[in-house]
Amino acid sequence: MKKYSVSIICLFMSAPVVLGQRAPLADNTNSPYSKLKGVSLEDVIWTDGFWKEQFDIETQNTIPYMWDLYHNDSISHAYKNFQIAAGLMKDKHAGPSFHDGDFYKIMEGMAAAYAITKDPVLDEQMDEAIALFEKVQRADGYINTPVLIEERWGTLGPEELKRQLSFEKYNMGHLMTSACIHYRATGKTNFLNIAKGVADYLYKFYKEASPELARNAICPSHYMGIIEMYRTLKESRYLELANNLIDIRGRTDDGTDDNQDRIPFRQQTAAMGHAVRANYLYAGVADLYAETGEEKLLENLNLIWKDVVYRKMYITGGCGSLYDGVSPDGTSYDPTYVQKTHQAYGRPFQLPNATAHTETCANIGNVLWNWRMLQLTGEAKYTDVIELALYNSVLSGISLDGTAFCYNNPLHVSKDLPFKQRWGNQREGYIAWSNCCAPNVTRTLAQIQNYAYSISANGLYVNLYGSNHLKTKNEEGQTIEVEQITNYPWDGNIVLRIINAPKKSMSLFVRIPGWCENAEIKINGQLTDQELPPGNYVDFSKKWKKGDRVEIRLPMPVNIMQANPLVEETKNQVAVKRGPIVYCVESSDLGVGTGINDIILDVNTDFNLEKLKLNNKEVVVIKAKAFLASSTWEETLYQPLNLTTKQTDLTLIPYFSWGNRGEGEMTVWLPFYK
């Protein structure tokens, strides 16, 4: 039996986080090729409105629910796996092999919430879990309960390669990221000590492993994790490892498009394969570029980004259109060698709606990637994608009360489809064998305030809108304090009130969303004559003083959206969008006997706004008119066109809020009549 230590052999003392020292979510403070820098975890506090409500649900409902769920061994077994691996009891590992990583994601969400709330209960709970991790970790820094449980009880077989492709590195990556966030939020090094052991283990592993064993593991969260360890500890070996992880990708004969390692990354110019793995990879590569400035990395990221955003992304910001398929590029069509794809990006413009996979984790990966691209470049097009995904395909992954979750996020749900998919169209409190998305959305919603602003050498970037209080430092250590007041996203009126600013001139970069035409900005009551082009940051540079007031008006008409005609599934259909919010029709709002496939939108209707309470959350819905199709389709595949219709009232609700009123039908895209 292997000998275990209570904690790792090599502990260290890290410089403590001190007040006034920037400690962002992704700490690019000293990254030489990052144009923008993050604000510290505690610098932005939601004060009212949409994101304040969501943060309250997160801290009062979601985090306690997830903590209890992952301690309930009759359901998830995650915490019990750590107890078994620590030798506190004898039993077998149960649940998916990525359970460890899921628990680390919950810990990351708790740490981000603690940075704002300073809730001592969160601090105690995190310390309790960290003490258990210390007991689990092997003396060489390795930690992964599926292996360590078998190893402890002498039942581990020759499984090195198998565990490589069974989320081992994914688990370690989330541990490292979580530990860095915990350190920045609390100033404690107990979790970071464990993460250092993991990083040291990985460095040695990739130095000594055979090419087959060194083949990159699936869902490469460890790319982001090892860069955060480098940023936190300034250990050059970790940057060397991050670069090596890119170098070895695609260097073996058994690589796949599904895992983005059929060819080296520096030859990849299009998004391919499993969308979660892909977006995590792209985020990790962006982190590496921020440290090294290797132009080829950014060049490929830009090409892949264009492929995703202009040809493969849903109107909701969702990614990964296919449940299953075959890689058209990976091999010949010899069925002996053909490569599968799984939860994957498809061909350009291949965007089915009813069978859309769009895993919540992939959509979160889209946010992580675009956040890093924004920091590298300062370009608003990346913020537009962040905002789109957050309000639509990320929020749709969680119920309005914060305790039920979606694995996949379809854009059409019909009771008439004569088959069931592996994952249902209803949120669940626990998604057996696929609950990775619940912890992921948990950590994400605890961190959105960290996306609201960025710092540059010239001033402050206003990225996301929502009522909040910002108190941060610029790159010279001078205080910037701003109050933001708005009812966004339900209306586009925003006020920025300057409370404190540097004495010298400072730029305030105000984002004009890509969807917004005819924006107006007033500074201290005077309408600016500066051009305000959509999809850009507009630079307002002056000596700001206490009491200065910036009023932003972003008109939010209802927009009827169409897709590129190459998207076959939405041809001759439209979607409804207002501001950053995509809308849908749900069967709960249709008359008895009316199905979702009977609705034809009247695009000449008046679109009126109303407030509606859904599960105690107030949302803005759109009232319109539609026609009801008179055709019947039982045992019919084709029939002559029938234009006989009658008109009906129609209610459209925000896409993120669908499925909160019981099982039913839903659609984003609608046939139309004018």
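Refer to the structure above for everything that follows.
A brief look at the structure comes next. (Residues numbered from 1 in each chain as written. Predicted model: local features only at pLDDT ≥ 70, side-chain atom pairs only at ≥ 80, totals over all residues. Heavy atoms only, no water.)

Some words on the pairing of strand 23 (residues 645–654)
Looking along a regular strand, one sees side chains alternate from face to face of the sheet. Put simply, the rule reads: DSSP calls a pair of strands paired once it identifies at least 2 bridges connecting them. Each helix is a run of DSSP H or I of at least 4 residues and each strand a run of E of at least 2, with the numbering of both proceeding from the N terminus.
The pairing of strand 19 (residues 581–586) with strand 23 spans two bridges and is classified as antiparallel. Within the sheet, the bridge partner assigned to Tyr583 lies in strand 23 and is Pro654. Looking at chain direction, strand 22 (residues 617–629) and strand 23 are connected through eight bridges and run antiparallel. When the bridges of strand 23 are listed, Lys623 appears paired with Thr651.

Looking at helix 14 (residues 360–377)
Where we set the bar: Take the residue count of a helix, subtract one, and multiply by 1.5 Å to get its expected span. Residue burial is assigned from relative accessible area. The probe radius is 1.4 Å, only protein chains are included, and a residue is buried under 20% of its type maximum, exposed over 50%, and partly exposed in between.
Relative to the 26 Å expected for 18 residues at 1.5 Å per residue, helix 14 spans 26 Å between its end C-alpha atoms, a close match to the ideal helical length. Of all 18 residues in helix 14, 18 are buried, a share of seventy percent or more.

Concerning helix 10 (residues 221–233)
The end-to-end C-alpha separation of helix 10 is 18 Å, in line with the 18 Å expected for 13 residues at 1.5 Å each. By the criterion of burial, helix 10 is predominantly enclosed, with 13 of the 13 residues buried.

Re the packing of aromatic side chains
Put simply, the test is: For Phe, Tyr and Trp, rings pair up if their centres lie within 6.5 Å, where Trp contributes its six-membered ring, and each pair is then called stacked (planes under 30 degrees apart), edge-to-face (over 60) or tilted (otherwise). The criterion for a charge sitting over a ring is simple: Lys NZ or Arg CZ within 6 Å of the ring centre, and within 35 degrees of the ring normal.
Scanning the model with the defined rule gives 32 aromatic pairs in all. Plain terms: the ring middles of Phe82 and Tyr104 are 5.8 Å apart, the flat faces sit at 50 degrees to each other, and that makes the pair tilted. Taken together, the residues span a long stretch of sequence, with Phe82 in helix 2 (residues 78–85) and Tyr104 in helix 3 (residues 99–117) at a distance of 22 residues. For Phe82, a relative accessible area of 0% corresponds to the buried category. Across from the ring centre of Tyr203, 5.1 Å away, lies the NZ or CZ of Arg237, which sits over that ring. It is Lys617 that lies over the ring of Phe50; its NZ or CZ is 4.6 Å from the centre.

Quick look at the pattern of salt bridges
Filter applied, for reference: For this analysis, a salt bridge means a side-chain nitrogen from Lys or Arg found within 4 Å of a carboxyl oxygen belonging to Asp or Glu.
Under the counting rule described, the total for this entry stands at 40 salt bridges. Of the charged contacts in the structure, one is a salt bridge between Lys188 and Asp123, with a shortest N-O distance of 3.0 Å. Within this pair, whereas Lys188 is found in the loop between helix 7 (168–186) and helix 8 (190–208), its partner Asp123 is found in helix 4 (residues 120–136), the two being separated by 65 residues in sequence. Assessed through its relative accessible area of 15%, Asp123 is described here as buried.

Here we look at the side chain of Arg231
Applicable threshold: Nitrogen and oxygen atoms within 3.5 Å of one another constitute a polar contact, given that in protein one can donate a hydrogen and the other can accept it, and given that sequence-neighbouring residues count only through two side-chain atoms.
With respect to the secondary-structure elements, Arg231 resides in helix 10. At 3.4 Å, the side chain of Arg231 forms a polar contact with the side chain of Asp287. A distance of 2.7 Å separates polar atoms of two side chains, one belonging to Arg231 and the other to Glu291.

Some remarks on the sheet that holds strand 1 (residues 37–38)
To be explicit about the condition: Note on definitions: a residue-residue contact is assigned when non-hydrogen atoms from the two residues lie within 4.5 Å. Whenever a helix is involved, its axis is fitted only over the stretch in contact; in every case the axis is a line through C-alpha atoms, and angles between N-to-C directions fall within 0 to 180 degrees.
The five strands are arranged 1-7-8-12-15 in an open sheet whose pairing can be described as mixed. The sheet terminates laterally at strand 1 and strand 15 (536–542), the two strands that pair on one side only. In the packing of helix 15 (residues 380–394) onto the sheet, the strands contacted are strand 12 (506–512) and strand 15, and the crossing angle to strand 12 comes to about 50 degrees.

Some details on the sheet that holds strand 5 (residues 340–345)
Pairing is antiparallel in the open sheet, where three strands are placed in the order 3-5-4. Two strands bound the open sheet, and with one partner strand each, they are strand 3 (273–274) and strand 4 (322–326). Pairing geometry for strand 3 and strand 5, over two bridges, is antiparallel. Its bridge partner being in strand 5, His274 is matched across the sheet by Ala344.

Quick look at the nonpolar core
For clarity, the threshold we go by: Throughout this description, the term nonpolar core refers to a set of buried Ala, Val, Leu, Ile, Met, Phe, Trp, Tyr and Cys residues connected via side-chain atoms within 4.5 Å.
In terms of nonpolar packing, the biggest core is built from 215 residues, with Met107, Phe133, Leu554 and Val668 touching the most fellow members. Counting residues per element, this core draws most heavily on helix 12 (residues 275–292), at twelve residues.

Remarks on the packing of helix 7 against helix 10
Our working rule: The crossing is said to be left-handed when, going from far helix to near helix, the turn is anticlockwise and less than a right angle, and right-handed when the turn is clockwise. Asp, Glu, Lys and Arg are counted as charged, while Ala, Val, Leu, Ile, Met, Phe, Trp, Tyr, Cys and Pro are counted as nonpolar; the rest, among them Gly, fall into the polar class.
Two elements in contact, helix 7 and helix 10, have axes separated by 7 Å at closest approach and are oriented at 35 degrees. Crossing geometry of helix 7 relative to helix 10 is assigned as left-handed. The residues of helix 10 that touch helix 7, namely those facing Lys169, Tyr170, Gly173, His174, Met176, Thr177, Cys180, Tyr183 and Arg184, are Ser221, His222, Met224, Gly225, Ile226, Glu228, Met229 and Thr232. Among the residues forming the contact of helix 7 with helix 10, the class breakdown is seven nonpolar, seven polar and three charged.

Quick word on the environment of Ala626
Position of Ala626 among the secondary structure elements: in strand 22. Overall, the relative accessible area of 0% leaves Ala626 in the buried class. Measuring from C-alpha to C-alpha, the distance between Ala626 and Val603 comes to 8.2 Å, with 23 residues separating the pair along the chain. Not counting residues up to four positions away in its chain, the partners in contact with Ala626 are Ile599, Ile600, Leu601, Asp602, Lys646, Gln647, Thr648 and Leu650.

A look at the side chain of Asp258
Its place among the elements puts Asp258 in the loop between helix 11 (236–247) and strand 3. With relative accessibility at 3%, the residue Asp258 sits in the buried group. Among the polar contacts listed, one links the side chain of Asp258 to the backbone nitrogen of His342, at a separation of 2.9 Å. Setting aside residues up to four positions removed in sequence, Asp258 forms contacts with Gly273, His274, Arg277, Lys340, Thr341, His342 and Ala344.

Brief notes about the state of the cysteines
Rule in force here: Here, two cysteine sulfur atoms that lie within 2.5 Å of each other are counted as a disulfide.
Under the criterion given, the structure shown has zero disulfides. Between Cys319, a free cysteine, and Cys361, which holds the nearest cysteine sulfur, the sulfur-to-sulfur gap is 12 Å. On the basis of relative accessible area, Cys319 is assigned to the buried category, the value being 1%. Of the cysteine sulfurs around Cys361, a residue in no disulfide, the closest is that of Cys437, at 3.5 Å.

Let's talk about the environment of Glu520
Turning to its location among the elements, Glu520 is positioned in strand 13 (residues 520–523). Note on Glu520: relative accessible area 32%, which makes it partly exposed. Sequence separation between Glu520 and Pro555 is 35 residues, and the spatial gap between their C-alpha atoms is 8.6 Å. Excluding its chain neighbours within four sequence positions, the residues that come into contact with Glu520 are Leu527, Leu532, Glu551, Ile552 and Arg553.

Quick notes on unusual backbone geometry
Look at the link from Tyr488 to Pro489: it is a cis peptide, with omega at 10 degrees. Mapped onto the fold, Pro489 is located in the loop between strand 10 (479–486) and strand 11 (493–500). A positive phi is found at Gln260, a non-glycine position, where the angle reads about 55 degrees. As for its placement among the helices and strands, Gln260 is situated in the loop between helix 11 and strand 3. For Gln260, a relative accessible area of 0% translates into the label buried. The phi dihedral of Phe349 is positive, around 70 degrees, even though this residue is not glycine. Mapped onto the secondary structure, Phe349 falls in the loop between strand 5 and helix 14.

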